[in-house]
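Okay, here's what each chain looks like letter by letter:
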Amino acid sequence: MSETDTRTTEEPNDTAPSRRPGRERGRDDGKFGRYGGQYVPEALMPAIEELADAYERYVLNNEDGFMDEFRERLADFGGRPTPLQRADRLSERYDTEVYLKREDLLHGGAHKLNNALGQVLLAKYMGKERIIAETGAGQHGTATAMAAAHLDMPCTIYMGERDINRQRPNVFRMKLNGSEVKPVTTGRGTLKEAISETMRDWAETVEDTHYVIGSIVGPHPFPVMVRDFQAVISEEAREQAIEKTGGLPTDVVACAGGGSNTMGTFAEFVDDESVALHAVEAGGSTLEVDEAAGVAPNSASLYAGEEGVLHGARTKLLQDSDGQIMESHSVSSGLDYAGVGPELAYLVDEGRVSPVAVDDDAALEGFHRLSNTEGIIPALETAHAFGFLEEHHEELGERVVVNVSGRGDKDLDAAIEETDQRDVPNAPDMSMFTEGM
């Protein structure tokens, strides 16, 4: 096993959007305080070192105009910039200014394309011939499949068997884009197992294959690289907030699973101390842990996790009393991961990011509330942020930005089933759906 050494570097004074001091964290050595690192088999270290070199050359230093092409493709293929929209009825409901960063309008319906397009393009610059990826809710898999088709790269996506059954539309979308979807049947058949299986593939095929990790997890340089690709969200949101309101928001809210959407939304605001940052995790059915069953019926790693190592990095994890990693579960498969990105773990420890857990009921209510008040059907992941807004709006400032990380098309079957089992305010009449279910 290998781990990067811990060392510190002076923060630069350059204040350009891609060089704000908060964005320098972890770039040099992959460390965020005591979190991060490179806990990987020696067989993977050459690939990790090759990727770290490519990240520095192409992403940070724009060698061969890589970042110029990335930004151009994000605009032309992805549809950036996405708007910052005032939510009129929510603003009235909470007596505060609520603005929505509309990542659901990005091509594919979620923020995931920002990173997937960046990494697949980077793989081409590196001379790789094949793409592999993991996916949970299917949004990262869908984005990677689209990017691979767009850039003419063969692609294989690993997905837990349980998640395949919960997210059939996204599985079909991946296959439509020409990707192979491989079911993972080990464990509970969710994201953790899918990541493990993808890493096994990569270890055997490193010479010609690039692994597109979908979140700010894994060994260095993945956490910083994914953050930097996703930071376009907060770059735009910060500029748009100033343009629309004359100043910065008082609060920025994002749902948190592994953390790509979260850090993408927070990155350009980390140095703005006047802006409170709220990471909303899936509280599931309870924050208690069922050690006998080996299950944590939540995905609240920041809120309830403990330090450990998973998938190549030290971070906060859901564990039992013996330190064994627990399977996580919530109403949203896209948030079901037993860990979280090391940078988020660090920012929570430092007090810069406030973690909060929102349970399944509140998330489902948020799903219906945003749908019938603003005409926007959110992903169940995103719905947790609106559950937080309902429960905690009195604690927030006068101007709130919420990232709508994805649209809810993929979740309609799950929402019908879950709504039928609960008494959800403002939900439609479910009788026409549930007869014969």
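Residues numbered from 1 in each chain as written. Predicted model: local features only at pLDDT ≥ 70, side-chain atom pairs only at ≥ 80, totals over all residues. Heavy atoms only, no water.

**A short note on the packing of aromatic side chains**
Within a pair of aromatic rings, the relevant descriptors are the distance that separates the centres and the angle that separates the planes. A full pass over the atoms with the stated rule returns nine aromatic pairs. With centroids separated by 6.1 Å and ring planes inclined at 50°, the aromatic side chains of Tyr-58 and Phe-66 adopt a geometry described as tilted. Each member of the pair, Tyr-58 together with Phe-66, is buried. The interplanar angle of 70° and the centroid separation of 5.8 Å between the aromatic rings of Trp-202 and Tyr-211 together place this pair among those described as edge-to-face. With relative accessibility at 0%, the residue Tyr-211 sits in the buried group. (Phe/Tyr/Trp six-rings, centres within 6.5 Å; stacked < 30°, edge-to-face > 60°. Buried < 20%, exposed > 50% of the residue type's maximum accessible area, 1.4 Å probe, protein only.)

**Section: unusual backbone geometry**
Among all residues except glycine, the phi angle is most often negative; among peptide bonds, the trans geometry is most common. A cis amide bond links Arg-80 with the next residue in sequence, Pro-81, at an omega value of 0°. Along the chain, Pro-81 turns up in the loop between helix H2 (66-78) and strand E3 (84-86). In this structure, the amide linkage connecting His-220 to the following residue, Pro-221, adopts the cis form with an omega of 15°. With respect to the helices and strands, the residue Pro-221 is situated in the loop between strand E8 (209-212) and helix H9 (222-230). Even without being glycine, Asp-95 reaches a positive phi, approximately 55°. Structurally, Asp-95 can be placed in the loop between helix H3 (88-94) and strand E4 (97-102). Although it is not a glycine, Asn-426 adopts a positive phi angle of roughly 70°. Mapped onto the elements, Asn-426 comes out in the loop between helix H16 (412-420) and helix H17 (431-434). (Helix = DSSP H or I, 4+ residues; strand = E, 2+ residues; numbered from the N terminus.)

**Comments concerning the sheet that holds strand E7 (residues 180-184)**
The sheet built from four strands is open, its strands ordered E7-E6-E5-E8 with parallel pairing. The sheet terminates laterally at E7 and E8, the two strands that pair on one side only. Direction aside, the axes of adjacent strands within the sheet are offset by 25° on average. Here five bridges tie strand E6 (residues 155-160) to E7, and the two strands are oriented parallel to one another. Its bridge partner being in E7, Tyr-158 is matched across the sheet by Lys-182. (Pairing = 2+ DSSP bridges. Axes fitted to C-alpha atoms, helices over the stretch in contact; angles between N-to-C directions.)

**Focus on the sheet that holds strand E9 (residues 251-255)**
As summarised here, the arrangement of the six strands in space is E3-E4-E16-E9-E10-E15, forming an open sheet in which the pairing is mixed. Unpaired on one side and paired on the other, E3 and strand E15 (353-359) mark the two borders of the sheet. Within this sheet the neighbouring strands show an average axis-to-axis angle of 25°, counted without direction. For E9 and strand E16 (residues 399-404), the ladder comprises three bridges, and the chain directions are parallel. Directly across from Val-253, in E16, lies its bridge partner Val-402. This element, helix H14 (residues 360-374), spans E3, E4, strand E10 (276-284) and E15 of the sheet and lies at about 90° to E15. Across the face of the sheet, helix H15 (residues 380-392) comes into contact with E4, E9, E10, E15 and E16 while running at roughly 160° to E16. (Contact = heavy atoms within 4.5 Å.)

**Observations concerning the nonpolar core**
Phe-66, Leu-122, Trp-202, Phe-266, Leu-277, Leu-344 and Val-353 are the most contacted members of the largest nonpolar core, which totals 86 residues. The leading source of residues in this core is helix H1 (residues 45-60), at eight residues. Counting only domains with at least three residues in this core, you end up with domain 1 (32-78 + 111-222) and domain 2 (84-108 + 230-421). Excluding residues that lie within four positions of it along the chain, Leu-277 makes contacts with Val-252, Phe-266, Phe-269, Val-270, Arg-352, Val-353 and Ser-354. In this structure, Leu-90, Val-98, Val-253 and Val-280 belong to the second largest nonpolar core, which totals 20 residues. (Core = buried A, V, L, I, M, F, W, Y, C linked by side-chain atoms within 4.5 Å. Domains from an automatic or database assignment.)

**Examining the domain arrangement of the protein chain**
Taken domain by domain, the protein chain comprises domain 1 (32-78 + 111-222) and domain 2 (84-108 + 230-421). The straight-line distance from the C-alpha centre of domain 1 to that of domain 2 is 22 Å. Each partner contributes residues to the interface: domain 1 has 43 residues there, and domain 2 has 46 residues. The largest contributions to the domain 1 side of the interface with domain 2 come from Tyr-35, His-111 and Ile-216, which together make up 20% of the buried area. As a salt-bridge pair, Asp-413 and Arg-168 come within 3.6 Å of each other at their nearest N and O atoms. Between domain 1 and domain 2 we count 21 residue pairs in polar contact (both at pLDDT 80 or more) in total. Contributing elements (two or more residues each) for the side of domain 1 that touches domain 2: strand E2 (35-36), H2, helix H4 (112-125), helix H5 (139-150), helix H6 (161-166), helix H7 (168-176) and helix H8 (191-205). The greatest single-element share of the side of domain 1 that touches domain 2, amounting to six residues, is contributed by H8. Of the residues in the side of domain 1 that touches domain 2, the class split is 15 nonpolar, 17 polar and eleven charged. (Buried area = accessible area lost by both parts, 1.4 Å probe. Salt bridge = Lys/Arg side-chain N within 4 Å of Asp/Glu carboxyl O. Polar contact = N/O pair within 3.5 Å; in protein donor to acceptor, adjacent residues only side chain to side chain. Nonpolar A, V, L, I, M, F, W, Y, C, P; charged D, E, K, R; others polar.)

**A closer look at the UniProt feature "domain: Tryptophan synthase beta chain-like PALP" (unreviewed entry) in the protein chain**
In the numbering adopted here, UniProt assigns the feature "domain: Tryptophan synthase beta chain-like PALP" (unreviewed entry) to residues 78-406. As annotated, residues 78-406 comprises 41% helix and 22% strand, and the C-alpha atoms at either end are separated by 14 Å. (UniProt positions renumbered as here; feature names shortened; annotations may be inferred.)

**A short note on the UniProt feature "modified residue: N6-(pyridoxal phosphate)lysine" (unreviewed entry) in the protein chain**
Mapped onto this numbering, the UniProt entry gives "modified residue: N6-(pyridoxal phosphate)lysine" (unreviewed entry) at Lys-112. Structurally, Lys-112 is set in helix H4.

**Section: the side chain of His-393**
Locating His-393 in the fold gives a position in the loop between H15 and E16. Among the polar contacts made by the side chain of His-393, one reaches the main-chain carbonyl oxygen of Glu-390 at a distance of 2.9 Å. Ignoring any residue separated from it by four or fewer positions in sequence, one finds His-393 in contact with Tyr-94 and Phe-388.

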